[in-house]
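So the chains spell out like this:
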Amino acid sequence: MGPPSRDVRDLVDPRLLRAFVVVAEELHFTRAAARLYVAQQALSRDVRRLERELGAGLFARTTRQVTLTAEGERLLPYARRVLEAQDDLAAAFPRDRGGAAASARPLLVDLNSPGLVFGRILERARELAPDCELMARFESGLTWAAAEIDAGRLDVSFGRYAGLEPALRARLDQQPVRYEPMAVLLPLGHPLAELDAVPLDALAGESVYAGAGNHRTLEWTDLAHRLFAGRGIEVAPPAPLAVGQEEFGRIMAKNRNPVLAVVDFPAMPGAVLRPLTDPVPLSPVSLVWRKGLVHPGVDALRRAAAELAAAEGWLRRPEDGWVPATDALIMMSLD
């Protein structure tokens, strides 16, 4: 590598130094990525960027081990001092983007709907940060929740980050959490309700409800259009917006349309939930928060999500899994 073209004081991002230090401590990229709550590909990318900016190779990598080079050994004490100073500064001035003392107020966390897996993440985060007040909200739809996050009326939500407008994504941060297998909710008596799992092509000719007309869930309707394209499956026209399980069940029973859902969708009276197969469609889920937000509750949520994802393989894609290419790229990155 050649020498850096500018003074390193103008180049080095502390985030890159943190990535370097954690890899240096673990000497293992997978374990380091788990500690940092990031995808391994993103961590490798950050280390390579730091090496380019410093003009030095920091790690010697083989298929069996990772070791520090001489330049890496030389950098390590300097990097640790920089990060210690940054942590001291952050602790002294815990502010969010609006200038409020973030750690002194409750954190508002949107779980989308009751009964989904995000509740488990919140429960674990409360265990990790017992002094934080993490308040649950149920806003149903990342499109609407992300706008509330951007406006400062909500702090954290979950959902399909790739389905948001790029200009909005630029003002948010995200952490990949899960490839959630999708399912179909079928009214009792529907011919497909007798199956244990429903092949996607079996829905050909059906009109499947996927939130069309609901301005809160545009990212979900867009995912359905991408999934159904070329398969002879229609997105059902808009239905009255139902609030609550009872009203949703009533509208579904009246219209008799299958409903696109996820495998953890709560049980509904008068209906059965069946996983979709051949291929297995996946709903890419990220933890989403406002860029610049500093709050110990966010740290606890990120750690809780990473723990559960690692323990239960939430970020492993099945061989026959389907996900839009744009979503797959985002789920492997930090942006």
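Residues numbered from 1 in each chain as written. Predicted model: local features only at pLDDT ≥ 70, side-chain atom pairs only at ≥ 80, totals over all residues. Heavy atoms only, no water.

A. Focus on the overall build of the protein. When helices and strands are counted, the protein shows 11 helices and 13 strands. Taken over 335 residues, the protein has a buried fraction of 47%. A separation of at least 24 residues holds for 76% of the contacts in the protein among residues at least 6 apart in sequence. In the structure as shown, the protein presents an accessible area of about 16600 Å², 53% of it carried by carbon and sulfur atoms. (Helix = DSSP H or I, 4+ residues; strand = E, 2+ residues; numbered from the N terminus. Buried < 20%, exposed > 50% of the residue type's maximum accessible area, 1.4 Å probe, protein only. Contact = heavy atoms within 4.5 Å. Areas by Shrake-Rupley, 256 points an atom, 1.4 Å probe, with all protein chains shown as cover.)

B. Quick look at the pairing of strand E3 (residues 107–110). The sheet contact formed by E3 and strand E4 (residues 134–137) spans four bridges and is parallel. Paired with leucine 108 across the two strands is methionine 135, which belongs to E4. Each parallel crossover has a hand, and for E3 linked through helix H5 (residues 118–128) to E4 it is right-handed. (Pairing = 2+ DSSP bridges. Right-handed = clockwise from strand over helix to strand, strands pointing away.)

C. Highlighting the nonpolar core. Counting 50 residues, the largest nonpolar core has Ile121, Leu203, Leu260 and Leu301 as the members making the most contacts within it. Of all the elements, helix H10 (residues 296–312) adds the most residues to this core, at seven residues. The next biggest cluster of nonpolar side chains, apart from the first, holds 25 residues, and it includes Val22, Leu43, Leu68 and Ala79. (Core = buried A, V, L, I, M, F, W, Y, C linked by side-chain atoms within 4.5 Å.)

D. Geometry of the pairing of strand E12 (residues 280–290). With respect to burial, E12 is a largely interior element, 11 of its 11 residues being buried. By the bridge criterion, four bridges tie strand E5 (residues 156–159) to E12 in an arrangement that is antiparallel. By the bridge assignment for E12, glycine 159 is matched with serine 286. Here strand E6 (residues 172–187) pairs with E12 via nine bridges, running antiparallel. Residue pairing for E12: glutamine 175 is matched across the bridge by leucine 287. With two bridges connecting them, E12 and strand E13 (residues 321–322) associate as parallel partners.

E. Broad picture of the packing of aromatic side chains. If you walk through the whole model with that rule in mind, you get three aromatic pairs. Ring geometry for phenylalanine 29 against phenylalanine 59: centres 6.1 Å apart, planes inclined by 70 degrees, an arrangement best described as edge-to-face. With a gap of 30 residues between them, phenylalanine 29 in helix H2 (residues 29–36) and phenylalanine 59 in strand E1 (residues 59–61) connect regions that are remote in the sequence. You'll find phenylalanine 29 and phenylalanine 59 in the same group, each marked buried. Feature note: the residues Phe20, Phe29 and Phe59 constitute an aromatic cluster, connected by ring pairs. (Phe/Tyr/Trp six-rings, centres within 6.5 Å; stacked < 30°, edge-to-face > 60°.)

F. Representation of helix H8 (residues 218–228). Among the residues of H8, Glu219, Trp220, Thr221, Leu223, Ala224, Leu227 and Phe228 are the ones counted as buried. The first or second residue beyond H8 is glycine 230, which carries a positive phi of 75 degrees.

G. Here's a closer look at H10. Helix length check: H10, at 17 residues, gives a terminal C-alpha distance of 24 Å against a target of 24 Å (1.5 Å per residue), a fit within 8%. The complete set of buried residues in H10 reads Gly297, Val298, Ala300, Leu301, Arg302, Ala304, Ala305, Ala306, Leu308 and Ala309. Glycine 313 sits one or two positions beyond H10 and adopts a positive phi of about 65 degrees. (Expected span 1.5 Å × (residues − 1).)

H. Up close: the pattern of salt bridges. Scanning the entire structure with this criterion turns up 21 salt bridges. With a closest N to O distance of 4.0 Å, arginine 290 and aspartate 155 form a salt bridge. Linking arginine 290 in strand E12 with aspartate 155 in the loop between helix H6 (142–151) and E5, this pair joins segments that are 135 residues apart in sequence. In the salt-bridge network here, residues are joined through shared partners; they are Asp13, Arg15, Arg45 and Asp46. (Salt bridge = Lys/Arg side-chain N within 4 Å of Asp/Glu carboxyl O.)

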